[in-house]
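Summary of the model geometry
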Amino acid sequence: MSHAQYYSFLFKVFYSHLGFWDLVIMQTSGLTATNDNVVSEVALAQSALLTQHCSGRPQSPGVVNCFAYSRTTGLRVGYLALSDVSEVMAADPDIFVWIGLFEPPAEVLDEVQHEFGLHELAVEDAARGHHRAKIESYEDSLFVIVRTAQLVDREIVFGSTSLFLGERFLITVRQGASVSYTTVRAHCEKHPQKMKAMGPGYVMHGILDFIVDNFLPITQKLGKQLHELEGEIFSEQFNKGTLRYLYDLKSELIKLRLAVIPLREICGYFLYHDNEDLKNYFPSSAIPYFRDIQDHVLGTLDAIEGQSEVLRLAMDTHLALVGVGQNEIVKRLASWAGILAVPTLMTSYYGMNFSNMPELHWYYGYYIWVAIMVLASYLLYRKLKKVKWL
Amino acid sequence: MSHAQYYSFLFKVFYSHLGFWDLVIMQTSGLTATNDNVVSEVALAQSALLTQHCSGRPQSPGVVNCFAYSRTTGLRVGYLALSDVSEVMAADPDIFVWIGLFEPPAEVLDEVQHEFGLHELAVEDAARGHHRAKIESYEDSLFVIVRTAQLVDREIVFGSTSLFLGERFLITVRQGASVSYTTVRAHCEKHPQKMKAMGPGYVMHGILDFIVDNFLPITQKLGKQLHELEGEIFSEQFNKGTLRYLYDLKSELIKLRLAVIPLREICGYFLYHDNEDLKNYFPSSAIPYFRDIQDHVLGTLDAIEGQSEVLRLAMDTHLALVGVGQNEIVKRLASWAGILAVPTLMTSYYGMNFSNMPELHWYYGYYIWVAIMVLASYLLYRKLKKVKWL
Amino acid sequence: MSHAQYYSFLFKVFYSHLGFWDLVIMQTSGLTATNDNVVSEVALAQSALLTQHCSGRPQSPGVVNCFAYSRTTGLRVGYLALSDVSEVMAADPDIFVWIGLFEPPAEVLDEVQHEFGLHELAVEDAARGHHRAKIESYEDSLFVIVRTAQLVDREIVFGSTSLFLGERFLITVRQGASVSYTTVRAHCEKHPQKMKAMGPGYVMHGILDFIVDNFLPITQKLGKQLHELEGEIFSEQFNKGTLRYLYDLKSELIKLRLAVIPLREICGYFLYHDNEDLKNYFPSSAIPYFRDIQDHVLGTLDAIEGQSEVLRLAMDTHLALVGVGQNEIVKRLASWAGILAVPTLMTSYYGMNFSNMPELHWYYGYYIWVAIMVLASYLLYRKLKKVKWL
Amino acid sequence: MSHAQYYSFLFKVFYSHLGFWDLVIMQTSGLTATNDNVVSEVALAQSALLTQHCSGRPQSPGVVNCFAYSRTTGLRVGYLALSDVSEVMAADPDIFVWIGLFEPPAEVLDEVQHEFGLHELAVEDAARGHHRAKIESYEDSLFVIVRTAQLVDREIVFGSTSLFLGERFLITVRQGASVSYTTVRAHCEKHPQKMKAMGPGYVMHGILDFIVDNFLPITQKLGKQLHELEGEIFSEQFNKGTLRYLYDLKSELIKLRLAVIPLREICGYFLYHDNEDLKNYFPSSAIPYFRDIQDHVLGTLDAIEGQSEVLRLAMDTHLALVGVGQNEIVKRLASWAGILAVPTLMTSYYGMNFSNMPELHWYYGYYIWVAIMVLASYLLYRKLKKVKWL
Amino acid sequence: MSHAQYYSFLFKVFYSHLGFWDLVIMQTSGLTATNDNVVSEVALAQSALLTQHCSGRPQSPGVVNCFAYSRTTGLRVGYLALSDVSEVMAADPDIFVWIGLFEPPAEVLDEVQHEFGLHELAVEDAARGHHRAKIESYEDSLFVIVRTAQLVDREIVFGSTSLFLGERFLITVRQGASVSYTTVRAHCEKHPQKMKAMGPGYVMHGILDFIVDNFLPITQKLGKQLHELEGEIFSEQFNKGTLRYLYDLKSELIKLRLAVIPLREICGYFLYHDNEDLKNYFPSSAIPYFRDIQDHVLGTLDAIEGQSEVLRLAMDTHLALVGVGQNEIVKRLASWAGILAVPTLMTSYYGMNFSNMPELHWYYGYYIWVAIMVLASYLLYRKLKKVKWL
Ligand SMILES: [Mg+2]
Ligand SMILES: [Mg+2]
Ligand SMILES: [Mg+2]
Ligand SMILES: [Mg+2]
Ligand SMILES: [Mg+2]
Ligand SMILES: [Mg+2]
Ligand SMILES: [Mg+2]
Ligand SMILES: [Mg+2]
Ligand SMILES: [Mg+2]
Ligand SMILES: [Mg+2]
Ligand SMILES: [Mg+2]
Ligand SMILES: [Mg+2]
Ligand SMILES: [Mg+2]
Ligand SMILES: [Mg+2]
Ligand SMILES: [Mg+2]
Ligand SMILES: [Mg+2]
Ligand SMILES: [Mg+2]
Ligand SMILES: [Mg+2]
Ligand SMILES: [Mg+2]
Ligand SMILES: [Mg+2]
Ligand SMILES: [Mg+2]
Ligand SMILES: [Mg+2]
Ligand SMILES: [Mg+2]
Ligand SMILES: [Mg+2]
Ligand SMILES: [Mg+2]
Ligand SMILES: [Mg+2]
Ligand SMILES: [Mg+2]
Ligand SMILES: [Mg+2]
Ligand SMILES: [Mg+2]
Ligand SMILES: [Mg+2]
């Protein structure tokens, strides 16, 4: 294929798929104004094409994005139709692609599997979602699946993202509740130097970093909510809502921990795995970037562990305190009952009908008796108050 | 032995054992219509034999199935009598067998041990069942025993399955509650390519995968039941049934965890064991398939761990809440008793029989006193209501 | 030494020590009717000697048994006096001895130490007993000490057994509560082929297997007792005996776990230790036999762990339920007190002595009032019943 | 550059930045009176310069200190402006610098990053602070970030310190609550021999040692406060303040543990990491110094763990005891109510209005009855006292 | 130095320091009557000197003992002044010294550091005491510091012992509560063969063994005390002393565990450390002796762990039982109150003053009513007794 043929091929490809908004995003991201002074001839031509030919986007259902990037410049080259990907990649060895899928129908996933020769087990996991996070190295691609989490009205909803990393492609498959990776795309496209140096591996780092960075704010918000509840925890007034909330918070944290723990192993794979697999995807200078992700994973686990402990303590304390509060009231009511029992006995005493009860006939008998009753009650009251039974 | 002799031998063997239903199953599984285009001459001949000769099945007691498969085609060749197995295997080096036993009597097991030269300790474990899951590599076979679990009316019943894997045979011995492996057989026979590539190792993978896949729905159902109970957990009304159910659920989870934990090591054996043993049974391309099983084991353990924690929390919370609810009632009854004690004292007061009690003779004395009583009681009621003692 | 000389020496040795009962045991164990077809000339001669010469047994105090076995046949050759052991072993290189001691006095242990060159620290441990299970490899012998356990009337009593394994001897020293190893002896003597193949190592395996096999029934019995108690655990009626029993059960399990845990390491020593030490004592085919023991250790630990968790849960639940039950009664008594307080107040009301209380003089006043009282009490009763306070 | 040129350059540099107080500090630290007898020619000249030229200090905001030290003498040479650092270091290969920053603005941090070629991820972490402690080895520098803690009025406030260690520089960046490292500076400058031998590595050790040494007094103070509270823990009188304090103490300890745990790994890095990285920064004789730090970390963790356990025990005990105390009072009030109920019934008894109640008309009826009442009450009181219900 | 010169030098040295009691101790320890048949010429001369020259002992404050031993004979040669140690060691290469210090003043420790070239960090730790147990290998000495414990009136008091082991010296520094090592000295001197074979290493083993052996009796005594308390734990009568004691016991065990845990690592150092360091100090035959110590450490940790669990269970059970006991009393008092309330209502009933209450005027009305009251009360009593509310 000659250069001319190639460019006219690209022309056709991009003409039909690149939309207006793509250009807007690219402009605002400063992509067209590349900081890289050593832009190759080919890249310039690609750039030119990019600004010339574009069209309306959404293609196959479930395909959110499908962009080609140049390995020589690190810049985005254009938008591709899923069905054209293999031809474009075969035609231009300089190009790598980044495909973003969201709950793709089975046929789309099958097509992708076919186009990139993905392993059936990996595709099965990606299709099913809700999988424990794992990393698996297949013959010519690396497969990563992680749990993603979002806080929606005090409740954590989980999704999953699968990543297929090849030497020249990065495919993400999102399932369930998840944020789109527009932010990551913008970030990557702002650093063409790194896209150039690390290729699809840099994209994978960006997405993992983004997912992990999303865990910490969740634990922070939960921590804040817990802190706000501390007033109620230490009130002896029972409030079922508070308790229920603490219970739900604890259940959420348990789920969150289970989602985050396997990320430790995934980061460890990048850091301690000496296989040559990784050399295909990352230069050794990429290692600190994965250690940075691992730091956040460990920090998140620390936060979860700390909050879990405090939460359990809070529940135990609250329940015990509610019991203490209730007992306190019963205790005080019993004291009052005791105070009332004394004059009740005393009044009952002179309600007896014996014929010979001289005090009944004393002129001041009644007044003396009432005085004694009042005094006895008052002294009892003072006594109970003093020993803090009241 | 010439081809002719061999086929007539097979004819005799299969004639007497292959029944009508076998053919039905094979037909519905699409076995006769093989997807494999490269079917060897021998395989075709075998296939021919298969459709020609068959007879009534159940042979020795405890023998559920005993099929021969061709390593060249991956297809099922026919049903064998246990006593013929060694002769057939000696006669046809292309054949491997899959034998399924269910609670076999000692004699049958002895026969199998003798036919395949199994280790006495392995056979002892297989015979006894209810064994902690383990894997053991003997000289010319691999022995695996795992606990199986089923949920029967909210209760988990356990069984065990032993697997003997040789280069040319796979024997399963089920003990106690367990599902038959018909599903696995159907699955394997639908993938003759893989049967061809991995032989009995593929069958072993299929069975382990099936057993492990059966654990997760159990935890999911238990999780659902727990979720449905949450309403009752947070009711302050004590219900012994709820508590008993939570207790039983926790006990079940403890047993389930103990059954699943050793599966981690078993998967680890396939993944990290570098012995040449494994090379006899599996090509290295089989490793991701065992990692897939391990994922499910880990996912199940996560679920069990999470549910155990939530369950313990639920029990503690429920018991504490029941106590809170009871105390609340006692507290309110005590408040009511306090309210009643006041007019009781007051009525008792004018029940005294002193001669000189002028109020008794006031014309409105009675009415005034009753008014005071009602007012005092009402004020007390308001007061208690306000401080939430009532 | 010529054959003739040797046999006359053996004659003297055995003549004085082999008793009547030894022969009985050997007969019933089927020892004289050996299954081994390849019995050497020497063995036959030994066998002959064995049936010819025997005498009364118990020799030194603490010495339960002291037998010689032939390595060539695996058969028992005869009973020895402790003081003759070294001479016999020196005279006949084919012989290995199995000595069983029970709480031997210091002098006997000193003699044994001297005869076999045992390490002072090992002998110290064996003498003291009640030691944490351990394994130690000295220059020319292997030392193992393990805790043994027996269930005597719902209580676990512990003892210890020390084993000294040399290339040609196996010495057991039992301390405290323990079962004799007659069963093991019978088992070993029924398998002369294995005695031949593994020598004293096979005896050691047999004893360790026997000790470990004795742990599991203990946990099973405890588990059964716990299961039987579940009825009482869920009764709200407090029974101090139940609680005390649960407490003791838990304490026992803690002790049992501490006794079993180090056995894991001991099995591990046999399985993973690559020292040449082991080669002196065991052929590599012995490894699965030790793994079999390890399986039982792990199974026992699983059972202990599971039961400990359930037990703790049971205690917490029982104590909470007793509290719930007591509160329930107090609650209902308080409700009854409330019901009674109403008519008490009402009767007290018309016990007042005001002059002007017209109702007192109504003709049906009394009957109306009583009717109101009964109605009020009944309505209150219905109300309390409905809200389940009663 | 000739010596003369160099000195005049240094003259300019130091003239403008070294202030009066620097000299005072140096004098009191005994710096000018060096204990080192082998002071090189260059060092003497530097010393001379140091006492000659100095000026007012605070330069860029956030820069607390910026000193140059001689590797030949281990002595401080002078104060530098941040912008001159690279020139001075290039000019004089004998010099290494120690820069102390406190919450530096982004520009200052950028400048430092630029001057020393620090890794972007490390600078990001240093800027953000509140990071889980970690150590990371970049190409030509070592990055350490640790959490610092201070006890302010019974509350622990956390900060963080980042350290960048190069062959010829040590930069500290403090964020949040933290003590300045003046003490460390004084300590280092008192040991010029060690500054000479280990260079910036010695400074790093000093700072880490200082940070770690600050953790132990915190746990000791908390332990002391806990010990002082034990009196209140065992009082049955409920005091919400005590409970709240215990709760807060536990929360603090959880945070503190999370801050200290990763320090273990950091010390481990220095002790067990065999990379050649470390050789650039430390001689092997420095290892015991880092083990010394690790000892303190482990001691602190022991203290935290021990206190956490005691604290949890204290809370559980206190809450249970408060409940016991309240129940005790209720129990005694109920006993008193029982005692009063008896005479109340008895007085009510003779308040009945039956016409035919002969006792009412006995002359001593009243007195006998009162005597019986008093006696009954007294006996009941004695009985309850005896069974400890009262 | 000729033999004559050497002996006259030794004469001077020992003349002034060896006292009367030293000789007594040596005599009673059987030291002069050596069991060693191969006593060298030099040793005999030393022995001679020893019995000839001795004088009063206590020298520098804090120096408990300072003895020289002969490596050739393993026997004690004589007592030394601290200041002479280096000269004697230089003069006689056969000699090694054992110095015992107790809370030495800084100057004495400085002197020792100087004489033996000890590392500053080790000396710092030894001076401070109360340090987490650790082992550290410096260039020409091994440093060990361990926590020691003693049970004084139900309370554990802690001290620390530091050991400096060189090829020719062993220095112990005791701080805080601790027993003197006279017993160890006597033991070592009874085994000159081992002193000869292992030198100062044997002394170190003896001291570590002694320290570790002192832990187990503490846990045994605590265990016995706990067992004695079990009667009180299961009494429902609250006794604050019991609870306080359990609490203190738990706190002590936590401290004890923290003191013992690091000893595991210290033993591990001797057992698994392959450095050549150890070869200087111990022959490989010493390893079982350190494993023996490790056994005791593990046994002690087992005991502590077991007791901690039982203790926590005991506290929880006791507190719950006290609650149960109190509730029981309240329940029974409430039942009695219920029984009394019935006749109270009944007596109040006929205290009503209605004009028209015919029963009041029945001749046997009163008697009938009282009979009904008594019957009702009795039936209620029976009923409550039956349902165990009473
Ligand atoms: Mg997960
Ligand atoms: Mg991040
Ligand atoms: Mg980041
Ligand atoms: Mg782990
Ligand atoms: Mg762990
Ligand atoms: Mg994990
Ligand atoms: Mg970072
Ligand atoms: Mg599966
Ligand atoms: Mg699957
Ligand atoms: Mg199991
Ligand atoms: Mg584990
Ligand atoms: Mg395990
Ligand atoms: Mg999968
Ligand atoms: Mg744990
Ligand atoms: Mg066994
Ligand atoms: Mg067995
Ligand atoms: Mg033990
Ligand atoms: Mg262990
Ligand atoms: Mg077995
Ligand atoms: Mg645990
Ligand atoms: Mg942290
Ligand atoms: Mg320090
Ligand atoms: Mg220090
Ligand atoms: Mg960590
Ligand atoms: Mg130190
Ligand atoms: Mg410690
Ligand atoms: Mg010892
Ligand atoms: Mg000892
Ligand atoms: Mg440790
Ligand atoms: Mg020992």
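Each value, and the rule that gives it
Residues numbered from 1 in each chain as written. Chains lettered and ligands numbered in written order. Predicted model: local features only at pLDDT ≥ 70, side-chain atom pairs only at ≥ 80, totals over all residues. Heavy atoms only, no water. Salt bridge = Lys/Arg side-chain N within 4 Å of Asp/Glu carboxyl O. Helix = DSSP H or I, 4+ residues; strand = E, 2+ residues; numbered from the N terminus. Buried < 20%, exposed > 50% of the residue type's maximum accessible area, 1.4 Å probe, protein only. Donors = N, O, S within 2.8 Å, 3.2 Å for Na, K, Ca; no water. Domains from an automatic or database assignment. Phe/Tyr/Trp six-rings, centres within 6.5 Å; stacked < 30°, edge-to-face > 60°.

1. Section: the pattern of salt bridges
- Under the criterion given, the structure shown has 85 salt bridges over all chains.
- With its nearest N and O atoms 3.1 Å apart, the salt bridge here joins R244 of chain D to E230 of chain A. Note that R244 of chain D is positioned in helix α11 (residues 240-272) and E230 of chain A in helix α10 (residues 215-233), a pairing that runs across two chains.
- Owing to a relative accessible area of 29%, R244 of chain D belongs among the partly exposed residues under this scheme.
- Overall, the relative accessible area of 10% leaves E230 of chain A in the buried class.
- E252 of chain E is the salt-bridge partner of K255 of chain E, the closest N and O atoms lying 3.8 Å from each other. Taken together, the positions of K255 of chain E and E252 of chain E, both in helix α11 (residues 240-272) and three residues apart, correspond to about one turn of that helix.
- By relative accessible area, which is 43% here, K255 of chain E ends up partly exposed.
- Its relative accessible area of 7% is what places E252 of chain E among the buried residues.
- Shared partners join several salt bridges into a network, and the residues in it are R312 and D316 of chain A, R312 and D316 of chain B, R312 and D316 of chain C, R312 and D316 of chain D together with R312 and D316 of chain E.

2. Things to note about the coordination of the magnesium ion (ligand 7)
- For the magnesium ion (ligand 7), the full set of protein donor atoms is D292 of chain A (OD) and D125 of chain D (OD), and the range of their distances to it is 2.0 to 2.1 Å.
- Between the magnesium ion (ligand 7) and the magnesium ion (ligand 3) the interatomic distance comes to 5.4 Å. Highlighted residues: D292 of chain A in helix α13 (residues 287-349) and D125 of chain D in helix α6 (residues 120-128), drawn from two different chains. Each of the two residues, D292 of chain A as well as D125 of chain D, counts as buried.

3. Concerning the domain arrangement of chain A
- Per the domain assignment, the segments of chain A are domain 1 (53-320) and domain 2 (323-387).
- For domain 1 of chain A versus domain 2 of chain A, the distance between C-alpha centres works out to 74 Å.

4. Thoughts on the packing of aromatic side chains
- Summed over all chains, the structure comprises 106 aromatic pairs over all chains.
- Their ring planes at 40° and their centres at 4.9 Å tell us that F143 of chain A and F164 of chain A sit as a pair that is tilted. Of this pair, F143 of chain A sits in strand β5 (residues 142-152) while F164 of chain A is found in strand β6 (residues 155-165), placing the two residues 21 residues apart along the sequence.
- Judged by relative accessible area, which is 0%, F143 of chain A ranks as buried.
- Between F354 of chain A and Y350 of chain D, the ring centres sit 4.7 Å apart and the planes meet at 45°, which makes this aromatic pair tilted.

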